[in-house]
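Here is what each chain is made of, one letter per residue.
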Amino acid sequence: MPSRKIRSMSSKHAEAGLPASSKESPTNLTATQDAPTAPPIPADEGGFKGWLTVFGVWLVQFSTFGYTNAYGVYNDFYVRDFMVEYSSAQLSWVGSIQLMLVMTVGLVSGRLYDAGYFYHLMIGGGSLFIFSLFMLSLAQPGQYYQILLAQGFGAGLGIGIVYVPSIAVISHHFKQSRALAMGIATSGSGFGGMVQPILLNRLFHSGVGFHTGVCASAALNLGVLLLAIACMRAKPVAPRRLHHEDKENTFGRSLVFLLEPLYAVSVLGSFFAMAGLYFPIFFVQLKAVETGIEPTLAFYVLTVLNGSTILGRICGTAFVRKLGVFNVVLICVLGCTILIFSALAIFGAAATFTFAVLYGLFGGAFMGIFAPMIGSLARTDAEIGARLGIGFAVTGLGGLIGTPIAGGLLTDSYIWWRPTVFAGSSMVAAGILFLAARLVRSRQKESPWV
């Protein structure tokens, strides 16, 4: 009997292509039992092409979303100089429509990215963005429709086409460190939001003027986007067979994700967060000037705020692996809520710049981990583009209504407490929804670190 067992075991090992002695050794058995269960990081995790892609995405964020973050410069210039016939609420629609399109167009571009049209989207969207900036340079004072079409719809649509694909392409190169890589890449919007306001303020309020200044910024961003496209590397998408209903109703099948309670609550929380988050970003420079800060100094408030988002984005994503993405989101929303309400008591240069630094840290961290939060809910990598697209689309609607409502509550008399309460209340609602999502995710994972 013992000899039969030994021969049986040997034959099994021989079939597996392994020597019998290697499996029968107690030492090898112990080594197998003690082996770590965590999967090793793939050999191609990141690599040269991966980090080159991160740099390319960083440049895209610098040029596109960084320009959106610089809208506070335009808003201040329009209200006080270029479009004095229009109210703050009316002018806020330009920035809010741009922000909405940046987010919502991802619903389409995300699906096209999943289908393998990455470079088509980057070249087409980038071209539309630059073309719209050159058209904006031709806008005349008091001609609201020209600014709305060029800056609101044109630039917003162009940025929206490239935004989701440029973030999602990082998933081609990173798995274990995806959140960190996305955080580093999206910090480019912070650098763009720091550099572009300085550039625009200097150009607008000097002998260069509005028209030539916008042309100069368009030329700068054209060069940045050309370099970015040359750096980014998308892996070829394997051909996949689509069912007939997939081809006819891609949009409808994407919306199926909203039937998942955890995903729906997370996206709804992001909607309320975006409704309140951009009020300080769009209005901080205007408030600084209106509350008596020297204009030449107030011009740097938005630069400081956007600059601090760089550290916020990187630090926020770094904490995700230790604390969990939903825990970090809750911390960020709580910090932004407290700061928005505290803005009612902020006057003077020192307090304003301190507020800008702190709000940039918490707001930047939230914006940096939004994509990893939505991406973490995907069952497979093939869903990431579509889920990001839907998430950004719903979130963009919050950005669409948030700043115009805030501008309407502000009125021409600059009653600051009204929009502050609105923005703070929106962040409170977002915090409640994210807390509910965190509790559901914690039960699913059976861990508090989610």
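Here's the deal with the overall build of the protein
Thought 1: Along the protein, the regular secondary structure elements total 21 helices and zero strands.
Thought 2: Sorting the 450 residues of the protein into buried and exposed places 54% on the buried side.
Thought 3: Residue pairs in contact within the protein that sit at least 24 positions apart in sequence constitute 84% of those at least 6 positions apart.
Thought 4: Surface exposure of the protein reaches about 19400 Å², of which carbon and sulfur atoms provide 68%.

Things to note about unusual backbone geometry
Thought 1: Phi is positive for Thr411, close to 60 degrees, though the residue is something other than glycine.
Thought 2: Note on placement: Thr411 falls in the loop between helix H20 (384–410) and helix H21 (417–445).
Thought 3: According to the relative accessible area criterion, Thr411 is partly exposed, its value standing at 25%.
Thought 4: Although it is not a glycine, Tyr414 adopts a positive phi angle of roughly 55 degrees.
Thought 5: Within the secondary structure layout, Tyr414 lies in the loop between H20 and H21.
Thought 6: Owing to a relative accessible area of 24%, Tyr414 belongs among the partly exposed residues under this scheme.

A closer look at the side chain of Asn201
Thought 1: In this fold, Asn201 is placed in helix H11 (residues 178–204).
Thought 2: For Asn201, a relative accessible area of 5% puts it in the buried group.
Thought 3: In this structure the side chain of Asn201 is engaged in a polar contact, spanning 3.5 Å, whose partner is the side chain of Gln285.
Thought 4: Setting aside residues up to four positions removed in sequence, Asn201 forms contacts with Val73, Gln285 and Phe299.

Describing empty space enclosed by the protein
Thought 1: Scanning the entire structure with this criterion turns up two cavities of 30 Å³ or more.
Thought 2: Within this model, the largest cavity holds a volume of roughly 190 Å³.
Thought 3: Lining the largest cavity we find 14 residues, and of these Pro280, Val284, Lys287, Ala343 and Phe355 sit closest to its centre.
Thought 4: Among the elements of the structure, helix H15 (261–290) and helix H19 (349–375) are those that each provide at least two residues to the lining of the largest cavity.
Thought 5: The dominant element in the lining of the largest cavity, judged by the number of residues it contributes, is H15, at six residues.
Thought 6: Considered class by class, the residues forming the lining of the largest cavity number 10 nonpolar, three polar and one charged.
Thought 7: Counted as a void, the second largest cavity has a volume near 60 Å³.
Thought 8: Around the second largest cavity, the lining residues are Phe65, Met103, Tyr163, Met274, Phe366, Met367, Phe370 and Phe392.
Thought 9: If you tally residues by element for the lining of the second largest cavity, the top one is H19, at three residues.
Thought 10: Looking at side-chain class alone, the lining of the second largest cavity contains eight nonpolar, no polar and no charged residues.

As for the layout of surface pockets
Thought 1: One number sums up the size of the largest pocket: a volume of about 830 Å³.
Thought 2: Considering the residues around the largest pocket, the lining is formed by 24 residues, among which Lys175, Val320, Pro372, Ser376 and Arg441 are closest to the centre.

Structural notes on the pattern of salt bridges
Thought 1: If you walk through the whole model with that rule in mind, you get three salt bridges.
Thought 2: Measuring nitrogen to oxygen at the nearest pair gives 2.6 Å for the salt bridge that ties Arg80 to Asp76. With Arg80 and Asp76 both in helix H6 (residues 71–82), this residue pair falls four residues apart, about one helical turn.
Thought 3: Since its relative accessible area comes to 27%, Arg80 is described here as partly exposed.
Thought 4: A salt bridge links Arg387 to Glu260; the nearest nitrogen and oxygen atoms lie 2.8 Å apart. Highlighted residues: Arg387 in helix H20 and Glu260 in the loop between helix H14 (250–254) and H15, separated in sequence by 127 residues.
Thought 5: Residue classification places Glu260 among the partly exposed positions, given a relative accessible area of 22%.

Topic: a nonpolar patch on the surface
Thought 1: On the surface, a nonpolar cluster with roughly 540 Å² of combined accessible area is contributed by Phe341, Leu344, Trp417, Val421, Val428 and Ile432.
Thought 2: Ranked by the residues each element gives to the nonpolar patch, the list is headed by H21, at four residues.
Thought 3: Positionally, Trp417 belongs in helix H21.

Some thoughts on the packing of H15 against H19
If you want to describe how two helices pack, look at the angle between their axes and the distance between the axes.
Thought 1: Put simply, H15 and H19 touch, their axes get as near as 11 Å, and they point 150 degrees apart. Judged by the angle between their axes, H15 and H19 are roughly antiparallel. Here H15 runs over H19; the crossing is left-handed. Contact residues: Tyr263, Ser266, Val267, Ser270, Ala273, Gly276, Leu277, Tyr278, Pro280, Ile281 and Ala288 in H15; Thr352, Phe355, Tyr359, Gly363, Phe366, Met367, Phe370, Met373 and Ile374 in H19.

Looking at the nonpolar core
One broad rule of soluble globular proteins: the nonpolar side chains tend to lie buried together.
Thought 1: Of all hydrophobic cores here, the largest spans 128 residues; its most connected members are Tyr74 and Tyr78.
Thought 2: The dominant element in this core, judged by the number of residues it contributes, is H15, at 15 residues.
Thought 3: Those residues within four positions of Tyr78 in sequence are excluded, and the remaining contacts are Tyr71, Met83, Val84, Leu91, Leu136, Ile147, Gln151 and Phe210.

Here's the deal with the confidence of the model for the protein
Thought 1: When pLDDT is averaged along the protein, the result is 83, and 86% of the positions lie at 70 or above.
Thought 2: Model confidence for the protein, summarised as mean pLDDT per element, is weakest for helix H3 (residues 26–34) at 38 and strongest for helix H18 (residues 325–342) at 96.
Thought 3: In this model residues 1–43 is a low-confidence stretch, pLDDT under 50, and it forms 14 contacts with partners more than four residues away in sequence or in other chains.

The rules behind the values
Residues numbered from 1 in each chain as written. Predicted model: local features only at pLDDT ≥ 70, side-chain atom pairs only at ≥ 80, totals over all residues. Heavy atoms only, no water. Helix = DSSP H or I, 4+ residues; strand = E, 2+ residues; numbered from the N terminus. Buried < 20%, exposed > 50% of the residue type's maximum accessible area, 1.4 Å probe, protein only. Contact = heavy atoms within 4.5 Å. Areas by Shrake-Rupley, 256 points an atom, 1.4 Å probe, with all protein chains shown as cover. Polar contact = N/O pair within 3.5 Å; in protein donor to acceptor, adjacent residues only side chain to side chain. 1 Å grid on protein atoms, 1.4 Å probe; cavity = no way out; pocket = protein on both sides within 12 Å on 5 of 7 lines; lining within 4 Å. Points joined across faces, edges and corners; volume = space filled by probe spheres on them. Nonpolar A, V, L, I, M, F, W, Y, C, P; charged D, E, K, R; others polar. Salt bridge = Lys/Arg side-chain N within 4 Å of Asp/Glu carboxyl O. Patch = residues over 30% accessible without salt bridge, like charges linked within 9 Å, V, L, I, M, F, W, Y side chains within 5 Å. Axes fitted to C-alpha atoms, helices over the stretch in contact; angles between N-to-C directions. Parallel < 35°, antiparallel > 145°, perpendicular 65-115°, else oblique. Left-handed = near helix turned anticlockwise from the far one by under 90°. Core = buried A, V, L, I, M, F, W, Y, C linked by side-chain atoms within 4.5 Å. pLDDT = per-residue confidence, 0-100.

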